[in-house]
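Observations on chain architecture
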Amino acid sequence: MSRENPQTQVFMINLKIRRFDPDENRSWIQKYTLEASRIMRFVDLLRKINDEQDPTLAWVSSCEHGQCGTCSMKVNGKPLLACELLVENAIYYFRTDTFYIEPLNVAPVIRDLIVDFTKAYDRVDQVKPYIIKPVLPRSEGDEFPITPQELERYVNATRCINCFCCAAACISSHETFLGPNAMLNSIVRVMDPREQEKEQRLKILYGYQGVCRCHSSRACSFVCPKEIDVAHFIALAKEGRITKLKS
Amino acid sequence: MTSPVVKRPFERLILSALESLPVAAFYAKTRGWPFVIAWIHRLTGIFMVVYIWFHILTLSSLAIPSEYDAKMKYFGFVFISFLEWLLAVPVIFHALNGGRLILYEIFATRNDESMIRWVFGLAVTYVLLLGLLMIMGNQSVSPIFFWLTSLIFSVSPGYLVASKIWNTASSLAWKLQRISGVFLLIIIPAHLLFMHLQPAIGHESNVVITRMQSKFIKFVDLTLVIAVLYHAGYGLMSILKDYLKFRLLQNGLTILIFLMMAVFGWIGIRLTLTL
Ligand code: SF4
Ligand code: SF4
């Protein structure tokens with residue numbers, strides 16, 4: 001599997017990629033074998049395939065720094081960001097040099113590894129992930145001060161990039177549950193002291209597609225590339241602790 | 001991309017054995033062990049729903065004691081006793097894991113890894129204790145004392161959970177699921193334990209009927225039937241909702257589950273009141 005010096009080590013990698021051709025409505029697995037150095041990322045592997053073997057393989061990425069959430073996909077069943085997965089880490093973690101890559105099952109596939117993110121976002125949009133009714137700024141100055149204690153409670157949740165890895169891993173987000181990231185987006189705004197409109201939010205959060213659909217399986221926290229403990233925030237909502245500072 | 005941190009050697013041994021299980025190992029690697037445990041919770045729950053229906057139907061023959069005694073003859077066989085003992089495995093796992101989930105969701109217990117250890121440790125202890133009691137047989141205890149104690153130990157955490165979540169915005173149905181869950185967490189394993197203190201307690205119609213003459217025991221049994229069927233019905237419904245897209249279908253199946261639980265509830269309640 002590998003040759004020589006660990007610094008210049010090269011691996012022969014097999015990628016089995018689930019492809020989809022919308023014109024013929026055909027899905028199949030295509031195998032690619034390629035040389036890869038240890039610090040290449042999975043997005044680099046896909047690009048290498050495009051450059052050297054198959055320009056028709058469709059996939060998507062944007063920032064390639066784990067900040068935009070566009071390159072999320074499943075590698076050997078695990079939802080993750082392809083821009084964050086190094087070849088050597090993947091080999092170590094999955095104990096293989098063969099990787100099965102497929103799109104996230106959170107929305108219909110457009111082509112190969114590209115899913116229709118607008119459809120996936122429909123679920124997030126339902127929780128209105130923005131400030132609906134801002135608290136009026138103080139008379140002196142425009143800034144809205146938030147105490148460190150207040151911020152500390154939910155700042156981690158604000159790091160969500162809506163990559164939908166958690167939604168793909170969730171035990172219950174197939175049909176009715178809006179999904180862990182939608183819940184997180186809603187919880188952030190409920191905890192956000194700049195937001196006045198809480199009632200509307202609580203209705204959605206505790207409605208039939210809300211936190212009651214979560215079974216605390218914690219897969220969301222396990223896969224989250226931003227290391228957000230999503231299940232913790234959902235549990236806070238169940239406990240009724242998100243609306244007040246102290247329990 | 002890290003595996004759960006495990007320090008103790010025997011845990012490493014158990015974990016490496018578990019990691020060789022094909023399906024469980026795949027999901028542990030891609031979703032984490034709590035996800036696998038959530039599936040076990042789900043499967044044991046479904047199994048118990050079916051078992052409860054069967055249990056209520058079996059008990060319904062107490063209305064004709066000779067019929068009940070004829071059925072219970074089979075329970076004298078070693079193999080059937082072994083199956084009865086085995087039944088404790090899904091029951092105690094589901095109960096303790098449910099307790100762990102309640103601690104996580106309602107009491108902010110976030111050291112979940114050690115909670116999982118407790119679930120498995122206590123489950124093994126309980127199953128072994130039950131096996132020992134079954135082998136020893138002929139233990140005696142006052143039913144009133146036993147059930148009064150069990151009731152106090154079940155109602156108190158139920159009350160605690162209720163007081164924690166009652167004023168949250170969650171639906172009443174969800175709250176009742178948690179409250180019934182924590183109530184059953186103690187009373188069901190207690191029920192199983194009681195039934196195996198001596199073979200006659202559950203296997204001889206005259207002993208069962210005499211015990212059920214007590215108004216207090218009737219009250220305990222009624223509470224048990226209602227809590228179990230509610231908890232089972234909500235659990236089934238919540239699993240179905242994960243896979244059914246259309247609200248109409250969901251509502252249709254919810255009504256169907258409600259009717260089924262109501263029928264079994266009726267059988268159980270009628271039996272308890274008429275004996
Ligand atoms: S919570 Fe984590 S896994 Fe889920 S969408 Fe946000 S960043 Fe991605
Ligand atoms: S904890 Fe809840 S939201 Fe997170 S994966 Fe499990 S069921 Fe889904």
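Residues numbered from 1 in each chain as written. Chains lettered and ligands numbered in written order. Predicted model: local features only at pLDDT ≥ 70, side-chain atom pairs only at ≥ 80, totals over all residues. Heavy atoms only, no water.

**Concerning the overall build of chain A**
Keep this limit in mind: For helices the rule is a DSSP run of H or I covering at least 4 residues; for strands it is a run of E covering at least 2, with both sets numbered from the N terminus onward. Relative accessibility decides the category of a residue: with a 1.4 Å probe and only protein chains considered, values under 20% of the type maximum give buried, values over 50% give exposed, and everything between is partly exposed. What makes two residues a contact is simply this: any of their non-hydrogen atoms within 4.5 Å. For the area figures, the Shrake-Rupley method with a 1.4 Å probe applies, and any residue is considered shielded solely by the protein chains shown.
Of the regular secondary structure elements, chain A holds 9 helices and 7 strands. Counting only C-alpha atoms and orienting by the principal axes, one finds that chain A spans roughly 65 × 45 × 35 Å. Across the 247 residues that make up chain A, the buried fraction comes to 55%. Within chain A, contacts between residues at least 6 apart in sequence are counted, and of these 64% link residues at least 24 apart. A total accessible area of about 11,400 Å² is found for chain A, and carbon and sulfur atoms account for 49% of it.

**Digging into the overall build of chain B**
Heads up, the rule is: Restricting the calculation to C-alpha atoms gives the radius of gyration, and the globule rule supplies 2.2 Å times the number of residues raised to the power 0.38. In this tally, Asp and Glu contribute negative charge and Lys and Arg positive charge; neither His nor the terminal groups of the chain are included. A charge is said to be at NZ when it belongs to Lys, at CZ for Arg, at CG for Asp and at CD for Glu.
Along chain B, the regular secondary structure elements total 12 helices and 0 strands. For chain B, the N- to C-terminal ordering of α and β elements is α-α-α-α-α-α-α-α-α-α-α-α. Relative to the compact-globule value of 19 Å for 275 residues, chain B shows a C-alpha radius of gyration of 20 Å, a close match. Over its C-alpha atoms, taken along the principal directions, chain B stretches across nearly 60 × 45 × 35 Å. Relative to its 275 residues, chain B shows a buried fraction of 48%. Total accessible area computed for chain B in this model is approximately 14,500 Å², and 77% of it derives from carbon and sulfur atoms. Taken as two groups, the 21 positive and 11 negative side-chain charges of chain B have centres that lie 9 Å from each other.

**Here we look at the sheet that holds strand β3 (residues 72–75) of chain A**
Paired through backbone hydrogen bonds, the strands of a sheet run either parallel or antiparallel to each other. Note the cut-off: In this scheme, strands are said to pair when DSSP sees at least two bridges between them. Every axis corresponds to a line fitted to the C-alpha atoms, with the helix fit spanning only the stretch in contact, and the corresponding angles, defined between N-to-C directions, vary from 0 to 180 degrees.
Read across the open sheet, the 5 strands follow the order β2-β1-β5-β3-β4 (chain A); overall the sheet is mixed. Looking at which strands have only one partner, the edges of the open sheet turn out to be β2 (26–37) and β4 (78–81) of chain A. The mean angle between the axes of side-by-side strands here comes to 30°, regardless of whether they run parallel or antiparallel. Two strands pair when backbone bridges link them, and β3(A) and strand β5 (residues 98–102) of chain A are joined in this way by 2 bridges, in the antiparallel orientation. Bridged to A:V75 within β5(A) is A:I101. Helix α2 (residues 22–31) of chain B rests against β3 and β4 of chain A of the sheet, and its axis sits at about 25° to β4(A).

**Side note on a nonpolar patch on the surface**
Note the cut-off: Note on patches: the residues involved have over 30% relative accessible area and no salt bridge, like charges join within 9 Å, and the nonpolar side chains Val, Leu, Ile, Met, Phe, Trp and Tyr join within 5 Å. Here, a salt bridge means any side-chain nitrogen of Lys or Arg that lies within 4 Å of a carboxyl oxygen of Asp or Glu.
A grouping of B:F79, B:F82, B:L83, B:L86 and B:V89 is seen on the molecular surface, where their side chains present a nonpolar patch of about 440 Å² in accessible area. The class for B:F82 is partly exposed, based on a relative accessible area of 40%.

**Digging into the interface of chain B and chain A**
Let me state the cut-off plainly: Simply put, the buried area is the total loss of 1.4 Å probe accessible area from both parts when two parts are fitted together. Amino acids outside the nonpolar list (Ala, Val, Leu, Ile, Met, Phe, Trp, Tyr, Cys, Pro) and the charged list (Asp, Glu, Lys, Arg) are all regarded as polar, and Gly is one of them.
Taken together, the 36 residues of chain B in the interface contact 39 residues of chain A. Roughly 3,400 Å² is buried in total at the junction of chain B and chain A, and carbon and sulfur atoms are behind 54% of that figure. At the junction of chain B with chain A, the criterion picks out 4 salt bridges. Among the salt bridges present, the one from B:D112 reaches A:R218, with a minimum N-O distance of 2.4 Å. Mapped by element, the contributors of at least two residues to the side of chain B that touches chain A are α2, α3 (33–60), α5 (78–106), α6 (112–136), α7 (143–165), α11 (215–243) and α12 (247–274) of chain B. Each residue belonging to the side of chain B that touches chain A can be placed in one class, and the counts come to 17 nonpolar, 7 polar and 12 charged.

**Re the site of ligand 1**
So the rule is basically this: Here a residue is near a molecule or strand as soon as one of its heavy atoms is found within 4 Å of it.
In the vicinity of ligand 1 there are 13 residues, among which A:C160, A:C163, A:F164, A:C166 and A:C224 approach most closely. Contributions of two or more residues to the shell around ligand 1 are made by α5 (165–169) and α6 (180–191) of chain A.

**Quick word on the packing of aromatic side chains**
Formally: Under the pairing criterion, centres of Phe, Tyr and Trp rings, with the six-membered ring standing for Trp, must be within 6.5 Å; the plane angle then separates stacked pairs below 30 degrees from edge-to-face pairs above 60, leaving the rest tilted.
Per the counting criterion, the structure on display carries 17 aromatic pairs over all chains. For the pair A:F94 and A:F99, a centre-to-centre distance of 6.2 Å together with 75° between the ring planes defines the contact as edge-to-face. The two residues A:F94 and A:F99 agree in class, both being buried. Ring plane angle 80° and centroid distance 4.9 Å describe the contact between B:F26 and B:Y27, whose orientation is recorded as edge-to-face. Taking relative accessible area as the criterion, B:F26 reaches 34% and is therefore assigned partly exposed.

**Quick look at unusual backbone geometry**
Not every positive phi belongs to a glycine, and A:K128 is a case in point at roughly 55°. According to the relative accessible area criterion, A:K128 is partly exposed, its value standing at 27%. Despite not being glycine, B:A108 has its phi angle at roughly 50°, a positive value. Secondary-structure assignment places B:A108 in the loop between α5 and α6. On the basis of relative accessible area, B:A108 is assigned to the partly exposed category, the value being 27%.

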